[in-house]
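Below are the chains, spelled out letter by letter.
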Amino acid sequence: MLVDHHCHLDFPDFAPELDQVVARAHEAGVGTMVTISTRIRQFDKVLGVAERFDNVWCSVGTHPHNAHEELDIPLERIIELTRHPKVVSVGEAGLDYHYQHSTPAAQAEGFRRHIAAARETGLPLEIHTRDADADTIAILEDEHARGAFPAVLHCFTGGRELAMRALDLGLYVSFSGVITFKKSEPLREIARDVPLDRLLVETDAPFLAPDPFRGRRNEPAYVARTASVLAGIKGVSNDGIAAATTENFFRLYGKAKRPVSELAGGPGAA
């Protein structure tokens, strides 16, 4: 079984055929998905998708692009929303200096608030970081000194120092379809050095479809292609990478329940 721990099934891209998208994921061996919140004020849409499917879970949080819009939402409200049985993670939150739709100060404030929510609840934080390695490292190390918290660097595209410093803090590192791109050899070299028990795979769908689907709308079924490339990088079989990343997911996302068919020894999801 594979897990896509980071996709956006509430996005309009999927609305016309959401049932078919989830079915194709199951057919591809993707037994569990987490649909990710980007605005707390639109959390009901994300939760609605998670409640519709047995093996789809969700997060609650504010993307750094939208940080300035939701700084008035207190930590206590985030924690309250995480109590729903379908919420298994916090975020996505972090720093994105590529577009800077929010100021660095607003992003940092939101990031630290989500870290506090992860620390308080024990749920993993889905960290979005782009073109902000130094500030991400600084915040992670400062906050870790205040108390450990579970987290994953989602859709990792940063530098080696960020990956290694995050691993030192106990974080996980997740790779998306970007790792399949021809010009991503530096990223593949970093993936080679991430321990097998700290790896996750994802799609970030509808974005970043892996080769040979690049240019199309991404969807959770395509995580199988990313996992296959990652297996080659790590020198293990496809089954080996699936087993490792799935076990890593359920270790980190302790609130998510394993699919009934997996518990029974069957393939994929129920």
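Residues numbered from 1 in each chain as written. Predicted model: local features only at pLDDT ≥ 70, side-chain atom pairs only at ≥ 80, totals over all residues. Heavy atoms only, no water.

A. Structural detail: the pattern of salt bridges. In this structure the tally under the stated criterion is 20 salt bridges. For R217, the salt bridge is made with E17, and the minimal N-O distance between the two is 2.8 Å. Separated by 200 residues along the polypeptide, R217 in the loop between β8 (199-201) and α8 (223-234) and E17 in the loop between β1 (2-7) and α1 (18-27) bring together distant segments of the chain. Accessibility expressed as a relative area gives 25% for R217, which makes it partly exposed. Judged by its relative accessible area of 23%, E17 is partly exposed. Across the salt bridge formed by E247 and R258, the nearest N and O atoms sit 2.9 Å from each other. Here E247 is found in helix α9 (residues 238-252), whereas its partner R258 is found in the loop between α9 and α10 (260-263), with eleven residues between them in sequence. In this structure R258 comes out as partly exposed when scored by relative accessible area, which is 27%. Via salt bridges that share partners, R112, R119, D142, E143 and R146 belong to a single interconnected network. (Salt bridge = Lys/Arg side-chain N within 4 Å of Asp/Glu carboxyl O. Helix = DSSP H or I, 4+ residues; strand = E, 2+ residues; numbered from the N terminus. Buried < 20%, exposed > 50% of the residue type's maximum accessible area, 1.4 Å probe, protein only.)

B. Expanded view of helix α6 (residues 160-168). Among all positions of α6, only L162, A163, A166 and L167 are buried. Viewed end-on, α6 has its buried residues packed into an arc of 130°, placing them on one side of the element. Buried-residue contacts for α6 involve β5 (125-130), α5 (133-146), β6 (151-153), β7 (172-175) and α7 (185-193). Positive phi appears at G170, one or two residues downstream of α6, with a value of about 95°. (Arc of directions from axis to C-beta. Contact = heavy atoms within 4.5 Å.)

C. Local environment of the confidence of the model for the protein chain. Looking at the protein chain, the pLDDT average stands at 95 and 96% of residues meet or exceed 70. pLDDT under 50 marks residues 263-270. Its contacts with residues more than four places away, or in other chains, come to 17 contacts. (pLDDT = per-residue confidence, 0-100.)

D. Local environment of the sheet that holds β7. As summarised here, the arrangement of the eight strands in space is β1-β2-β3-β4-β5-β6-β7-β8, forming an open sheet in which the pairing is parallel. Of all the strands in the sheet, the pair left with one neighbour each is β1 and β8. Mean inter-strand twist for the sheet, computed between neighbouring axes without regard to direction, equals 30°. Where strand β2 (residues 30-35) lies against strand β3 (residues 56-60), three bridges are found, and the strand directions are parallel. Paired with V34 across the two strands is W57, which belongs to β3. (Pairing = 2+ DSSP bridges. Axes fitted to C-alpha atoms, helices over the stretch in contact; angles between N-to-C directions.)

E. Just helix α3 (residues 75-82), in detail. Residues I78, I79, L81 and T82 constitute the buried set of α3. Angularly, the buried residues of α3 cover 160° about the axis, an arc narrow enough to put them on a single face. Against the buried residues of α3 lie α2 (43-52), β3, β4 (87-96) and α4 (104-121).

F. Geometry of the packing of aromatic side chains. According to the stated counting rule, one finds five aromatic pairs in the structure shown. Taking 5.9 Å as the distance between ring centres and 80° as the angle between the ring planes, the aromatic pair formed by F11 and F207 counts as edge-to-face. Here F11, found in the loop between β1 and α1, pairs with F207, found in the loop between β8 and α8; they are 196 residues apart in sequence, far enough to count as distant. On the basis of an interplanar angle of 20° and a centroid distance of 4.4 Å, the ring pair of F249 and Y253 is categorised as stacked. The burial state of F249 is the same as that of Y253; both residues are buried. Taken together, F249, F250 and Y253 form an aromatic cluster joined through their ring pairs. (Phe/Tyr/Trp six-rings, centres within 6.5 Å; stacked < 30°, edge-to-face > 60°.)

G. Seen up close, unusual backbone geometry. Along the chain, G91 connects to E92 via a cis peptide bond; the corresponding omega equals 15°. Note that the residue after A205, namely P206, is joined by a cis bond; omega there is 15°. Inspection of the secondary structure puts P206 in the loop between β8 and α8. The backbone phi angle of Q100 is positive, close to 55°, even though this residue is not glycine. When its relative accessible area of 40% is taken as the criterion, Q100 is described as partly exposed. Positive phi, normally seen in glycine, also occurs at C155, with a value near 45°. In this fold, C155 is placed in the loop between β6 and α6.

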